[in-house]
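Single-letter residue listing:
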Protein chains: 2
Amino acid sequence: MARIRISDVAREAGVSVGTASNALNHPNKVKQETLDQVNAAIARLGYVPNQAARQLAGSESRVFGLVLPRLDHAFSLQIANGAQAESRKRGYDLLIASAGNDDILTNHYMRYFLGAHVAGVLVQPMADTSWDPETQEAPVPTVYLDVHSRAAVNCVAADNEAQGRLIMEHATDRGARRVAIIGKPDFMQLTLRTYGIREAARNADAEVEFVGLGSWNSVKDGFELGRELARRSPEARPDFVIGLTDVLAAGAIAGFAAAGLSVPNDLLVAGCDGNPLAWGGTVPLTTIKSPGYEIGQKGVQLLLDELSQPEAHEPRQELVAPSLIERMSTASTPAERKRAEEPELDLAEYL
Amino acid sequence: MARIRISDVAREAGVSVGTASNALNHPNKVKQETLDQVNAAIARLGYVPNQAARQLAGSESRVFGLVLPRLDHAFSLQIANGAQAESRKRGYDLLIASAGNDDILTNHYMRYFLGAHVAGVLVQPMADTSWDPETQEAPVPTVYLDVHSRAAVNCVAADNEAQGRLIMEHATDRGARRVAIIGKPDFMQLTLRTYGIREAARNADAEVEFVGLGSWNSVKDGFELGRELARRSPEARPDFVIGLTDVLAAGAIAGFAAAGLSVPNDLLVAGCDGNPLAWGGTVPLTTIKSPGYEIGQKGVQLLLDELSQPEAHEPRQELVAPSLIERMSTASTPAERKRAEEPELDLAEYL
DNA sequence: CTGAAAGCGCTAACAT
DNA sequence: ATGTTAGCGCTTTCAG
């Protein structure tokens, strides 16, 4: 447990601390021979630099911090993977904190990162909160992810309106006559999706109906909503159901099944947020691939931009476009069903 | 971007730095009135303590570091969630690093954490590497996760042998006569699973066969193996297939489907590592729930134990027991199939 | 190319 | 209960 300091390394290598430090941080400023000696000493002693001291002494840090609301939603994982890949590519490390779906913890970790002098911070604030970006100017570059804010902060978000639009257009393509949207748009992302759906609906001649504005958006809620819709007479029943989240859609499919209705034979169902973790049911779900990976990447890029041109530009608000994933739950003809049965070999792509 | 220091806070509050520091770290040692003044000053100035300085000055850190090989395997996420929950419960923060499936990066992040003076480090080393725990004594408590090591280090792992045993027993329960194990046991965890399978097979009167020791364990490999098995005559074909990973099993189901064989009607298939991300196929997969969450929890507990009784005890090797999850892919009778169709409302539990 | 010395911001003794 | 001060380990001037 005894700590080895750079002075130990210096002594072992027969040089001064200054030189040892240079060997570590500016190898080109040190004679090759000296460098070798220092490295040998480091290896022999098992020296690990004290990051706190190093940073306190003023070297700028090469670490980004990422605060995620939870680790059990695929979207957040995609963000993490994108941010990690991009950070590494640019020579930065990434440290991730999971806030356990807690507003206070989100803030806590953000402040921790700020205090830890990371080079920049990425935050995906919680979805169901009215997030108030700190009015205080943050001491390091900060980018908010998956946030639609008019405030003067950097943010990168999925184009939720496009998600809604795409899925509604898909419904139209599939010949939907009566579309039901299930879920409660109780936060910005979901509201935007409904806007997109409404917009696309104007260009279609299908009836659109919003149902089940329950209090939560859980699998169970989807299940209940599905069962409820299944009780209607065939004429009153929708022929296409869109879940505002994949979780709801997956629940609805189970609810229909419990009531004796089969997807996609009796009606079609789609989600719209590309959450592979919702695919636990028997029917692979058509959904919108939300561009989490790209959001993570772009977030890091914004950080890097700010780093390279401090104070040089205005806060930026970026939107990233989603794309449709057609799967079995909306296969409306035998041919489509056949195609949908082909194995999907790139599951991991969606994560 | 201007940095506010504790001395600024002290001046603003009309006290000395020492008092300001106490207000922050030992509030009980400060008069309530002074405390309020200091807090007001902090809020007014937007002060964020410099973690590096704080730590360098000797306060022990309340942060654990967790190094994961990747973020796209459910097992790792379970570990992260378990570790996060347990850490918070004990008043610690958790920082997570993802090593992008790279040995060197794993090491890099470990060293970073050690250098950053976290209170303890948890590592899940990469699966397909012969991990050599540092011979150097780590400067902080360290626990290896999902590792079966005889070395003198702390580790917590899933009981992979039990995973194999359970799934083989399940095969027997389902009346399997010819069992095929697919996948290449090219690292410890998988080897242990085959041991468990073999052991359980001795008490059964089923034939057991290992096939397709391909070079990878991808969905695609599973698919190919499934198609290959499907080509056999009905008598030579296994009636129960166990994938050494869920990913392989999911691939195999798709392969059977492509060859015209339906699971569970024509044969049964199971995985054995409880990876919900592999459940993207049309048939919910019977598998073993691997106790990732508990492993994360227990890892943190070991860390805390070491922290509370430094040097007091021997390294510990803990095994955590798994459990069976029966789903549609091994439902062998109509009644079972009916039951398996009931919706699973607690997907999140597996993550 | 190398060595000596001045802090970085904070905490914890210690002194008051 | 509050103020004063000596470092924590490192990087980085600045001389040699």
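Look up a bit, the structure's there.
Residues numbered from 1 in each chain as written. Chains lettered and ligands numbered in written order. Predicted model: local features only at pLDDT ≥ 70, side-chain atom pairs only at ≥ 80, totals over all residues.

Caption draft 1: Seen up close, the protein's contact with DNA strand C. With respect to spatial proximity, 29 residues lie near DNA strand C, and among them Ser16(A), Gly18(A), Ile6(B), Ala53(B) and Ala57(B) are the closest. Listed by contribution, the elements that provide at least two residues to the surface near DNA strand C are helix H2 (17-25) of chain A together with helix H2 (17-25) and helix H4 (51-56) of chain B. Sorting elements by how many residues they give to the surface near DNA strand C places H2(B) first, with five residues. Here the surface near DNA strand C is built from residues that sort into twelve nonpolar, twelve polar and five charged. (Near = placed C-beta within 6 Å. Helix = DSSP H or I, 4+ residues; strand = E, 2+ residues; numbered from the N terminus. Nonpolar A, V, L, I, M, F, W, Y, C, P; charged D, E, K, R; others polar.)

Caption draft 2: Layout of the packing of helix H1 (residues 6-13) of chain B against H2(B). All names here are of chain B. Put simply, H1 and H2 touch, their axes get as near as 8 Å, and they point 100° apart. Here H2 runs roughly perpendicular to H1, going by the angle between their axes. Across the interface between the two elements, Ile 6, Ser 7, Val 9, Ala 10 and Ala 13 of H1 pack against Val 17, Thr 19, Ala 20 and Ser 21 of H2. Its residues assigned to classes, the contact of H1 with H2 shows six nonpolar, three polar and no charged. (Axes fitted to C-alpha atoms, helices over the stretch in contact; angles between N-to-C directions. Parallel < 35°, antiparallel > 145°, perpendicular 65-115°, else oblique. Contact = placed C-beta atoms within 7 Å.)

Caption draft 3: View of the sheet that holds strand S6 (residues 178-182) of chain A. Residue and element names in this part refer to chain A. The strand order S7-S6-S8-S9 describes an open sheet built from four strands, whose pairing is parallel. In the strand order of this sheet, the two ends are held by strand S7 (207-211) and strand S9 (268-270), each with one partner. Across this sheet, the average inter-strand angle for adjacent strands is 20°, counted without regard to direction. Bridge analysis of S6 against strand S8 (residues 240-243) gives four bridges, and the strand direction is parallel. Opposite Ile 181, over in S8, you have Ile 242 as the bridge partner. Most of the contacts of helix H9 (residues 219-231) go to S6, to which it runs at about 150°, and overall it touches S6, S7 and S8. (Pairing = 2+ DSSP bridges.)

Caption draft 4: Structural detail: the protein's contact with DNA strand D. Around DNA strand D, a shell composed of 29 residues is seen, among which Ile6(A), Ala53(A), Ala57(A), Ser16(B) and Gly18(B) lie nearest. Of all the secondary structure elements, the ones that give two or more residues to the surface near DNA strand D are H2 and helix H4 (51-56) of chain A together with H2 of chain B. Considering every element that reaches the surface near DNA strand D, the biggest residue donor is H2(A), with six residues. Residues of the surface near DNA strand D, tallied by class, amount to twelve nonpolar, twelve polar and five charged.

Caption draft 5: How the structure looks around unusual backbone geometry. Residue Pro264(A) is bonded to the preceding Val263(A) through a cis peptide linkage, with omega at 5°. Of note, Asn101(B) is a non-glycine position whose phi angle comes to about 60°, a positive value. Along the chain, Asn101(B) falls in the loop between strand S2 (93-98) and helix H6 (103-115). Its 16 C-beta neighbours within 10 Å are what place Asn101(B) among the partly exposed residues. In this structure, His117(B) takes a positive phi of about 60° despite not being glycine. Structurally, His117(B) can be placed in the loop between H6 and strand S3 (120-123). (Buried ≥ 20, exposed ≤ 12 C-beta atoms within 10 Å, placed from the backbone.)

Caption draft 6: Focus on the pairing of S6(A). All names here are of chain A. Among the five residues that make up S6, four are buried, leaving the element largely enclosed by the rest of the structure. Sheet topology note: the S6/S7 ladder contains five bridges and is parallel. Each residue of the ladder has a partner; that of Ile 181, found in S7, is Phe 210. Crossover connection from S6 via helix H8 (residues 188-202) to parallel S7: handedness right-handed. (Right-handed = clockwise from strand over helix to strand, strands pointing away.)

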